[in-house]
Amino acid sequence: MAFNLTSSPFSVSQDSHLFCISSLVPSHLLHLKPPALNFPLKINPKPSVYVTHISLQEQPQTSNSEISQNPDEKTSSSSKSYIWVNPKSSRAHHLRKDSYDFRYASLLKIAKSLDICDPLEADVAGILETLGGRIVEQDAAVVLNNMSNPETAPLVLKYFQKRVKLSKEVILYNVTLKVCRKCKDLDKAEKLFDEMIEKGIKPDNVTFSTIISCARQCSLPEKAVEWFEKMPSFGCEPDDVTYSVMIDSYGKAGNVDMALSLYDRARTEKWRLDALTFSTLIKIYGTSGNYDGCLNMYEEMKALGIRPTVMVYNTLLDAMGRARRPWQAKNIYKDMLNKGFEPSWGTYAALLRAFSKARYGEDALNVYREMKQKGLELTVVLYNTLLSTFADVGFTDEAVEIFREMKDSSNCTPDSWTYSSMITIFSCSGKVLEAEETLNEMLGAGFQPNIYVLTSLIQCYGKANRTDDVVRTFDRLLELGITPDERFCGCLLNVMTQIPREELGKLTSCIEKANSKLGHVVRLLIESEDIEGEIIKKEAGQLFNDIGVDVRKAYCNCLIDLCINLNLMERACELLDLGLTLEIYTDVQSRTPTQWSLHLKSLSLGAALTALHIWMNDLSRTLENGEELPPLLGINTGHGKHKYSEKGLAGVFESHLKELKAPFHEAPDKVGWFLTTNEAATSWLESRRSNGVAAS
DNA sequence: CTAGGGTTAG
């Protein structure tokens, strides 16, 4: 069967078993390495030069060899000799692909020139002349399909309509509509549609799904709906793709209910929805916060016998990240690998985000290492995600290493987020010099310090007991015209709990400037020793009501610490009591018939000591009332491994309990728990009472 | 890439 020259030279028939390449082809074309293209190039007038020599004939003898000389042709003149290529071989695949690529590259070049030429018929025609006289309909579609200029594309369409015999004109309209979509130009798309109708060309599902997705990308979901509803009046019934686009449109518009009801409709109409639609549905559930809905969709998809794609997995992983369910992300990832899927860049990005959000530092680091090993480049956002997690979990050395690798990478430069994370990391780990160096580097790169950076620096200097530098940094904030926020004030307050008494005044005035209400409460605590407890409670209560829920506990902890440092236990008790009343602290004490417990997990040291003091008083009162203690008493300090300090609450508490001669002992099997029995506790509390050292 | 669906985030 000889190749038909009049048909498209590229439609290499799929059912043929062999290609045959005529030796007439110049040797450089035998390998079908396309010659260097010097645009403009006429690609159609002599297509035989590079393609039509691939002829297709049965050649059974050579079935087991990839390339061989055809014995029948060997003896004839060189002009008739052929090289036979098994079409199933990789060689044949390359030949076919190369010829295709060559044609495609030429048409691409034409599309690019049409994109940048003036929207004038003559200019457009000038470029299209290079296609030659006989233009194949498919070539016209390819050119338009690769254009992205909505001004010239209609002119190109017009040219083809005039010059090419079109059997399926709707296709050319559809690809031109795609150009409008690329440019998010719904008006032009609608105009084009009107023109189609005027010319009597019947739109099809492709026409509608393109316009609908155009409306979606223009963030005009109501327009998308309008077009969707218009379909039946043009004799089109929505199909699987239309449903998919509409589901996504509703999802993007935040109309989750409509998206899901459309999914139901598609199912009852028995459309076979594919993995991409499910990926869309999972995304909709994910962005609306219904994470179990995501998993259900995944199960439903599998139940329908639809094989997931990498994208489905990526969407699921992303949803599990948002849901802060890193363990589920891990399971899905394992599942994906077991099924033989190759993770993509998006897979790793989703995992990295999921682990970072959940502060799974080690796992995030492993993802990073795997990406590097596979040569996948991280973006600035991903680097920053990783570094901010490392700041949270205290991976100082790892952060330093990755910061360096980021600076070495070709496609990334640190931004203010990056510097901010690094300065935070150095500040929290007490590396004052490194923090200052990084600040200078940041300034050198042209970034102003922001409130995050200055907050970190204040912590840094506070920890190093450099009160004057704290004040200097505070002044810098004001000079930069930045308004101190609640977190910043919280840090100033926290510094006050760490510095000697005689330096407190320096920071009190800073705090007063930053937040007068807080300043007022602080001054009351430090300076008015014999003020009424009720007044403190009233003022502090007002303060707590004024500030955000997220900083309340931090403020309360600091104020109590300040009292403890100043030996004002009674005042500390009043503040703790206030904190309990306002539910800043919850479940500090718990009682079951067998065990009474004190939970100190999110309390600062001062607050914890205060809570212990109150608890001991409560226990003593129980005994005074002639009641029994339960068999077991326990104090839970939490595991005590604070990210940036070796000695957490557990360690400090252990020595404190020893000082008090309290009979509590660290539970060997329960980390962070100190336990004692009824008997031991009772005799200890009674000896304290008789010694007169019990509660004041 | 081959006339229709989504894609990269703090």
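Residues numbered from 1 in each chain as written. Chains lettered and ligands numbered in written order. Predicted model: local features only at pLDDT ≥ 70, side-chain atom pairs only at ≥ 80, totals over all residues. Heavy atoms only, no water.

S.K.: I'm lost on the sheet that holds strand 9 (residues 673-677) in this one. Help?
M.R.: Think of a sheet as strands paired side by side through backbone hydrogen bonds, with each pair either parallel or antiparallel. The strand order 5-6-7-9-8 describes an open sheet built from 5 strands, whose pairing is mixed. With partners counted over all chains shown, the strands left at the sheet margins are strand 5 (589-591) and strand 8 (665-666), one partner each. Pairing of strand 5 with strand 6 (residues 595-599) involves 3 bridges; the strand directions are antiparallel. In the sheet register, Q589 faces strand 6, and the bridge partner there is L598. Of the strands in this sheet, strand 5, strand 6 and strand 7 (632-636) touch helix 31 (residues 605-624), which is tilted by about 160° from strand 6. Against the sheet, helix 32 (residues 649-659) touches strand 7, strand 8 and strand 9, its axis set at about 30° to strand 9. (Pairing = 2+ DSSP bridges. Helix = DSSP H or I, 4+ residues; strand = E, 2+ residues; numbered from the N terminus. Contact = heavy atoms within 4.5 Å. Axes fitted to C-alpha atoms, helices over the stretch in contact; angles between N-to-C directions.)

S.K.: How do you make sense of the pairing of strand 7 when you look at a structure like this?
M.R.: Remark: a regular strand shows side chains that alternate across the two faces of the sheet. Of all 5 residues in strand 7, 4 are buried; the element is thus mostly enclosed. Sheet topology places strand 6 next to strand 7; 5 bridges connect them, and they run parallel. Residue pairing in the sheet places H599 in a bridge with N636 of strand 7. Following the chain from strand 6 across helix 31 to the adjacent parallel strand 7, one finds a crossover that is right-handed. Sheet topology places strand 7 next to strand 9; 5 bridges connect them, and they run antiparallel. The residue of strand 9 that forms the bridge with L632 is T677. (Buried < 20%, exposed > 50% of the residue type's maximum accessible area, 1.4 Å probe, protein only. Right-handed = clockwise from strand over helix to strand, strands pointing away.)

S.K.: Would you take a moment to explain the pattern of salt bridges for this structure?
M.R.: Where side chains of opposite charge bring their charged atoms close, a pairing between them can arise. Here the structure, examined in full by the defined rule, presents 32 salt bridges. Put simply, D468 and K506 hold a salt bridge, and the shortest N to O gap is 3.0 Å. Here D468 is found in helix 24 (residues 467-479), whereas its partner K506 is found in helix 26 (residues 504-514), with 38 residues between them in sequence. Judged by its relative accessible area of 35%, K506 falls in the partly exposed class. Taking the shortest distance from any N to any O, the salt bridge between K538 and E539 comes out at 3.9 Å. (Salt bridge = Lys/Arg side-chain N within 4 Å of Asp/Glu carboxyl O.)

S.K.: I'm lost on the confidence of the model for chain A in this one. Help?
M.R.: Parts of the prediction with low pLDDT should not have their coordinates interpreted in detail. Counting all residues, the mean pLDDT for chain A is 85, and 84% of those residues have values of 70 or more. Looking over chain A, one finds the lowest element-wise mean pLDDT in strand 1 (residues 19-22), namely 30, and the highest in strand 6, namely 97. Predicted confidence for residues 1-82 stays below pLDDT 50, and this span has 151 contacts to residues more than four positions away or in other chains. (pLDDT = per-residue confidence, 0-100.)

S.K.: Any chance you could explain the packing of helix 7 (residues 169-182) against helix 8 (residues 186-198) here in plain terms?
M.R.: A pair of packed helices is characterised by two quantities: the angle between their axes and the separation of those axes. At their nearest, the axes of helix 7 and helix 8 sit 9 Å apart, and the two run at 165° to each other. Overall, the two elements helix 7 and helix 8 adopt an arrangement that is roughly antiparallel. The way helix 7 lies across helix 8 gives a crossing that is right-handed. For the pair helix 7 and helix 8, the contacting residues are V170, Y173, T176, L177 and C180 in the first and K188, A189, L192, E195 and M196 in the second. Class assignment of the residues belonging to the contact of helix 7 with helix 8 gives a composition of 7 nonpolar, 1 polar and 2 charged. (Parallel < 35°, antiparallel > 145°, perpendicular 65-115°, else oblique. Left-handed = near helix turned anticlockwise from the far one by under 90°. Nonpolar A, V, L, I, M, F, W, Y, C, P; charged D, E, K, R; others polar.)

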